[in-house]
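Breakdown of the fold
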Amino acid sequence: MKTKQFCAELTASGCFIARNGSRHDIWTNPKTGAKYPIPRHQSQELSNRIVKEARRILLGD
């Protein structure tokens, strides 16, 4: 999954960027307070491990 697509999924779920790091954006879920860094490489594919872990932490899936 591309970073841009995954960020759109997070935004649709109510998550937002809490702050920008040098190479990652720190996303947070306001309902749970959970935070997770997502690499800022819009045209590259995210690894399945990152997508799965971010969904588990941010979305509770």
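The paragraphs below set out a description of the structure included in this document. (Residues numbered from 1 in each chain as written. Predicted model: local features only at pLDDT ≥ 70, side-chain atom pairs only at ≥ 80, totals over all residues. Heavy atoms only, no water.)

With that out of the way, let us pick up the overall build of the protein. Across its full length, the protein holds two helices and three strands. Counting helices and strands in the order they occur from the N terminus, the protein gives α-β-β-β-α. Its C-alpha atoms give the protein principal-axis dimensions of roughly 30 × 25 × 20 Å. Going through the 61 residues of the protein one by one, you find that 31% of them count as buried. Taking the contacts inside the protein whose residues are at least 6 apart along the sequence as the reference set, 38% of them involve residues at least 24 apart. Counting every atom, the protein has about 4000 Å² of accessible surface; 50% of that belongs to carbon and sulfur. Positive and negative charge centroids in the protein, built from 11 and 5 side chains respectively, lie 5 Å apart. (Helix = DSSP H or I, 4+ residues; strand = E, 2+ residues; numbered from the N terminus. Buried < 20%, exposed > 50% of the residue type's maximum accessible area, 1.4 Å probe, protein only. Contact = heavy atoms within 4.5 Å. Areas by Shrake-Rupley, 256 points an atom, 1.4 Å probe, with all protein chains shown as cover. Lys, Arg positive; Asp, Glu negative; His and termini not counted. Charge placed at Lys NZ, Arg CZ, Asp CG, Glu CD.)

Before going further, it helps to spend a moment on the environment of Leu-10. The residue Leu-10 is located in helix H1 (residues 3-12) in this model. The spatial distance from the C-alpha of Leu-10 to the C-alpha of Pro-30 is 12 Å, given a sequence separation of 20 residues. In this structure, Leu-10 is in contact with Cys-15, Trp-27, Ile-38, Leu-58 and Leu-59, ignoring residues within four places of it in sequence.

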